[in-house]
Amino acid sequence: MIFTSPTDGRLTIAEMLAAIERFIAVDEAGRYKLIIGTDSQTHHGETMFVTAVIVHRIGKGARFFFHRQSRPPVQDLRQRVYLETAASLETVQRMQRDPAFQRIIDLPIEIHVDIGTTGATRSMIQEIVGWVTSVGYTVKIKPQSYGASAVADRYTK
(Lines give C-alpha, C1' and ligand atoms only; values in the text may rest on other atoms or scores of the structure.)
Protein backbone atom coordinates (compact mmCIF):
# COMPACT_ATOMS: atom_id res chain seq x y z
CA MET A 1 0.00 0.00 0.00
CA ILE A 2 1.62 3.23 -1.19
CA PHE A 3 0.66 6.65 0.14
CA THR A 4 1.40 10.02 -1.38
CA SER A 5 2.47 12.98 0.71
CA PRO A 6 2.52 16.48 -0.78
CA THR A 7 5.63 17.02 1.36
CA ASP A 8 7.47 13.68 1.07
CA GLY A 9 6.22 12.07 -2.16
CA ARG A 10 5.42 8.35 -2.43
CA LEU A 11 5.75 6.40 0.83
CA THR A 12 5.19 2.90 2.17
CA ILE A 13 3.20 2.54 5.38
CA ALA A 14 6.44 2.29 7.37
CA GLU A 15 7.79 5.46 5.73
CA MET A 16 4.50 7.26 6.35
CA LEU A 17 4.61 6.28 10.03
CA ALA A 18 8.20 7.57 10.24
CA ALA A 19 7.05 10.88 8.69
CA ILE A 20 4.27 11.07 11.30
CA GLU A 21 6.85 10.48 14.04
CA ARG A 22 9.04 13.29 12.68
CA PHE A 23 6.04 15.64 12.58
CA ILE A 24 5.25 14.85 16.22
CA ALA A 25 8.91 15.23 17.25
CA VAL A 26 8.83 18.89 16.19
CA ASP A 27 6.41 19.66 19.03
CA GLU A 28 6.30 16.76 21.46
CA ALA A 29 4.26 18.81 23.94
CA GLY A 30 1.51 19.34 21.38
CA ARG A 31 -1.80 17.47 21.32
CA TYR A 32 -2.34 15.18 18.35
CA LYS A 33 -4.89 12.91 16.80
CA LEU A 34 -4.75 10.50 13.89
CA ILE A 35 -7.58 10.76 11.37
CA ILE A 36 -8.43 8.26 8.64
CA GLY A 37 -11.14 8.97 6.08
CA THR A 38 -12.09 7.63 2.67
CA ASP A 39 -14.15 9.14 -0.12
CA SER A 40 -14.96 7.92 -3.61
CA GLN A 41 -16.23 9.20 -6.90
CA THR A 42 -17.39 7.33 -9.99
CA HIS A 43 -16.34 8.71 -13.36
CA HIS A 44 -14.90 7.49 -16.68
CA GLY A 45 -16.01 3.89 -16.11
CA GLU A 46 -14.30 3.50 -12.73
CA THR A 47 -14.76 4.40 -9.08
CA MET A 48 -11.76 6.10 -7.51
CA PHE A 49 -11.39 5.48 -3.76
CA VAL A 50 -9.06 7.77 -1.84
CA THR A 51 -8.07 7.12 1.76
CA ALA A 52 -6.51 10.02 3.65
CA VAL A 53 -4.36 9.64 6.78
CA ILE A 54 -4.01 12.89 8.68
CA VAL A 55 -1.93 13.61 11.76
CA HIS A 56 -3.46 16.72 13.30
CA ARG A 57 -1.47 18.84 15.72
CA ILE A 58 -4.52 20.35 17.38
CA GLY A 59 -4.57 24.10 16.91
CA LYS A 60 -1.23 24.07 15.08
CA GLY A 61 -1.65 22.40 11.69
CA ALA A 62 -1.55 18.96 10.20
CA ARG A 63 0.24 16.67 7.79
CA PHE A 64 -1.64 14.34 5.46
CA PHE A 65 -1.04 11.35 3.22
CA PHE A 66 -3.38 9.70 0.73
CA HIS A 67 -3.77 6.38 -1.07
CA ARG A 68 -5.69 6.10 -4.35
CA GLN A 69 -7.31 2.91 -5.58
CA SER A 70 -9.34 2.49 -8.75
CA ARG A 71 -12.13 -0.10 -8.88
CA PRO A 72 -14.80 -1.04 -11.38
CA PRO A 73 -17.71 1.40 -11.20
CA VAL A 74 -19.81 1.27 -8.04
CA GLN A 75 -23.08 3.06 -8.67
CA ASP A 76 -24.97 2.05 -5.52
CA LEU A 77 -24.50 4.73 -2.83
CA ARG A 78 -24.97 2.30 0.08
CA GLN A 79 -22.33 -0.04 -1.31
CA ARG A 80 -19.91 2.85 -1.90
CA VAL A 81 -20.28 4.11 1.68
CA TYR A 82 -19.65 0.60 3.01
CA LEU A 83 -16.58 0.21 0.80
CA GLU A 84 -15.29 3.63 1.90
CA THR A 85 -15.71 2.74 5.57
CA ALA A 86 -14.09 -0.66 5.06
CA ALA A 87 -11.12 0.99 3.31
CA SER A 88 -10.58 3.32 6.28
CA LEU A 89 -10.76 0.46 8.79
CA GLU A 90 -8.44 -1.70 6.66
CA THR A 91 -5.92 1.14 6.51
CA VAL A 92 -5.87 1.44 10.31
CA GLN A 93 -5.39 -2.33 10.61
CA ARG A 94 -2.49 -2.28 8.15
CA MET A 95 -0.87 0.60 10.02
CA GLN A 96 -1.24 -1.23 13.33
CA ARG A 97 0.52 -4.31 11.92
CA ASP A 98 3.65 -2.27 11.21
CA PRO A 99 6.13 -2.21 14.13
CA ALA A 100 6.58 1.57 13.68
CA PHE A 101 2.95 2.04 14.75
CA GLN A 102 3.92 1.12 18.31
CA ARG A 103 5.75 4.44 18.62
CA ILE A 104 2.57 6.45 17.88
CA ILE A 105 0.06 4.06 19.46
CA ASP A 106 -1.06 6.62 22.05
CA LEU A 107 -2.61 8.95 19.46
CA PRO A 108 -6.40 9.07 19.54
CA ILE A 109 -7.78 7.65 16.28
CA GLU A 110 -10.82 9.03 14.47
CA ILE A 111 -12.50 7.47 11.46
CA HIS A 112 -14.13 10.13 9.27
CA VAL A 113 -17.09 8.92 7.22
CA ASP A 114 -18.64 10.87 4.34
CA ILE A 115 -22.24 10.64 5.58
CA GLY A 116 -24.44 13.20 7.25
CA THR A 117 -27.80 14.09 8.72
CA THR A 118 -29.04 15.58 5.46
CA GLY A 119 -29.12 13.96 2.04
CA ALA A 120 -29.29 10.37 0.88
CA THR A 121 -26.84 9.01 3.46
CA ARG A 122 -28.79 10.05 6.58
CA SER A 123 -30.52 6.64 6.77
CA MET A 124 -27.10 4.96 7.11
CA ILE A 125 -25.80 6.90 10.10
CA GLN A 126 -26.82 4.46 12.82
CA GLU A 127 -25.43 1.36 11.10
CA ILE A 128 -22.13 2.92 9.95
CA VAL A 129 -21.48 4.69 13.27
CA GLY A 130 -22.37 1.44 15.09
CA TRP A 131 -19.96 -0.54 12.93
CA VAL A 132 -17.01 1.81 13.45
CA THR A 133 -17.57 2.25 17.20
CA SER A 134 -18.01 -1.52 17.65
CA VAL A 135 -14.44 -2.05 16.45
CA GLY A 136 -13.15 0.54 18.91
CA TYR A 137 -12.79 3.83 17.07
CA THR A 138 -14.28 7.28 17.38
CA VAL A 139 -16.32 8.12 14.29
CA LYS A 140 -17.08 11.55 12.84
CA ILE A 141 -19.77 12.35 10.28
CA LYS A 142 -20.48 15.52 8.30
CA PRO A 143 -19.79 18.30 8.97
CA GLN A 144 -16.97 17.13 11.31
CA SER A 145 -15.70 14.43 8.91
CA TYR A 146 -13.24 16.63 7.02
CA GLY A 147 -10.80 13.73 6.61
CA ALA A 148 -13.23 12.13 4.16
CA SER A 149 -15.36 15.01 2.93
CA ALA A 150 -12.54 17.51 2.32
CA VAL A 151 -9.06 15.93 2.23
CA ALA A 152 -9.87 12.57 0.57
CA ASP A 153 -12.55 14.15 -1.63
CA ARG A 154 -9.99 16.53 -3.11
CA TYR A 155 -8.01 13.61 -4.59
CA THR A 156 -10.92 11.56 -5.99
CA LYS A 157 -11.19 13.76 -9.06
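Summarised in this report is the structure supplied together with it. (Residues numbered from 1 in each chain as written. Predicted model: local features only at pLDDT ≥ 70, side-chain atom pairs only at ≥ 80, totals over all residues. Heavy atoms only, no water.)

**Section: the overall build of the protein**
Using the following cut-off: Counting from the N terminus, the helices are DSSP H or I runs at least four residues long and the strands are E runs at least two residues long. Atoms considered for the radius of gyration are the C-alpha atoms alone. The globule rule reads 2.2 Å times the number of residues to the power 0.38. Summary of the burial criterion: residues with accessible area below 20% of their type's maximum are buried, those above 50% are exposed, and those between are partly exposed, where the area comes from a 1.4 Å probe applied to protein chains only. In this description, contact between two residues means that some pair of their heavy atoms is separated by no more than 4.5 Å. Computed by Shrake-Rupley with a 1.4 Å probe, the accessible areas treat only the displayed protein chains as cover when residues are assessed.
When helices and strands are tallied, the protein shows 4 helices and 7 strands. Shown N-terminal to C-terminal, the secondary structure of the protein runs as helices and strands in the order β-β-α-β-β-β-α-β-α-β-α. Since a compact globule built from 157 residues should have a radius of gyration of about 15 Å, the 15 Å found for the protein is in line with a globular shape. Taken over the C-alpha atoms alone, the protein extends approximately 45 × 30 × 25 Å along its principal axes. Counting only residues that meet the buried cut, the protein has 47% of its 157 residues in that class. Once local pairs closer than 6 in sequence are excluded, the contacts in the protein between residues at least 24 apart make up 66%. Accessible surface computed for the protein: about 7900 Å², of which carbon and sulfur atoms make up 51%.

**As for the pattern of salt bridges**
For side chains bearing opposite charge, pairing can occur when the charged atoms are close. So the rule is basically this: Definition used for salt bridges: Asp or Glu carboxyl oxygen within 4 Å of a side-chain nitrogen of Lys or Arg.
Tallied over the full model, the rule gives 8 salt bridges. Between Glu110 and Lys33 there is a salt bridge; the shortest N-O distance is 3.2 Å. With a gap of 77 residues between them, Glu110 in strand S6 (residues 109-112) and Lys33 in strand S3 (residues 32-43) connect regions that are remote in the sequence.

**What to know about helix H1 (residues 13-25)**
In an α-helix, one full turn covers 3.6 residues, which means residues spaced three or four apart are oriented alike. Stated precisely, the cut-off is as follows: Expected span, for any helix, means 1.5 Å times one less than how many residues it has.
Here H1 is 13 residues long and its end C-alpha atoms lie 18 Å apart, about the 18 Å a rise of 1.5 Å per residue gives. On the buried face of H1, the contacting elements are strand S1 (3-5), strand S2 (9-11), S3, strand S4 (46-57), strand S5 (62-71) and helix H2 (77-97).

**Overview of unusual backbone geometry**
Cis geometry marks the peptide bond from Lys142 to Pro143, where omega comes out at 5°. If you trace the backbone, Pro143 turns up in the loop between strand S7 (138-140) and helix H4 (146-154). Of note in the backbone geometry, His44 takes a positive phi value of approximately 50° without being a glycine. By secondary structure assignment, the location of His44 is in the loop between S3 and S4.

**A closer look at the side chain of Glu84**
The criterion, for reference: Just so you know, the count uses Lys and Arg for positive and Asp and Glu for negative, and it drops His and the chain ends.
Looking at the secondary structure, you find Glu84 in helix H2. Buried charged residue Glu84 carries no salt bridge. Nearest counter-charge: Arg80, at 4.3 Å. With near-sequence residues (within four places) excluded, Glu84 lies in contact with Thr38, Asp39, Ser40, Phe49 and Asp114.

**What about the packing of H2 against helix H3 (residues 125-134)?**
Put simply, the rule is: Every angle, taken between N-to-C directions, lies between 0 and 180 degrees, and every axis is a line fitted to C-alpha atoms, over only the stretch in contact when it is a helix. Just so you know how the angles are binned, under 35 degrees is roughly parallel, over 145 roughly antiparallel, 65 to 115 roughly perpendicular, and the rest oblique. Crossings are assigned a handedness: left-handed for a near helix turned anticlockwise from the far helix by less than a right angle, right-handed for a clockwise turn. Under the convention adopted here, Pro, Cys and the residues Ala, Val, Leu, Ile, Met, Phe, Trp and Tyr are nonpolar, Asp, Glu, Lys and Arg are charged, and Gly plus all remaining residues are polar.
At a minimum axis distance of 11 Å, the contact between H2 and H3 shows a crossing angle of 15°. Compared by their axis directions, H2 and H3 come out roughly parallel. As H2 packs across H3, the resulting crossing turns out to be right-handed. Where H2 approaches H3, its residues Arg78, Val81, Tyr82, Thr85, Ala86 and Leu89 are matched on the opposing element by Glu127, Ile128, Trp131 and Val132. Residue classes in the contact of H2 with H3 are distributed as 7 nonpolar, 1 polar and 2 charged.

**Focus: the packing of aromatic side chains**
Counted only if it meets this: Working definition: a ring pair exists when centres of Phe, Tyr or Trp rings (six-membered ring for Trp) sit within 6.5 Å. Plane angles under 30 degrees give stacked, over 60 give edge-to-face, the rest tilted. Our definition puts a charge over a ring when NZ of Lys or CZ of Arg is within 6 Å of the ring centre and also within 35 degrees of the ring normal.
The full count for this structure, using the stated rule, is 4 aromatic pairs. With a centroid separation of 6.2 Å and an interplanar angle of 80°, the aromatic rings of Phe23 and Tyr32 are classed as edge-to-face. A relative accessible area of 9% places Phe23 in the buried class. For Tyr32, a relative accessible area of 8% puts it in the buried group. Taken together, the aromatic side chains of Phe64, Phe66 and Tyr155 make up a single cluster linked through ring pairs. It is Arg57 that lies over the ring of Phe23; its NZ or CZ is 4.0 Å from the centre. Sitting above the plane of the Phe49 ring, Arg71 keeps its charged end 5.1 Å from the centroid.

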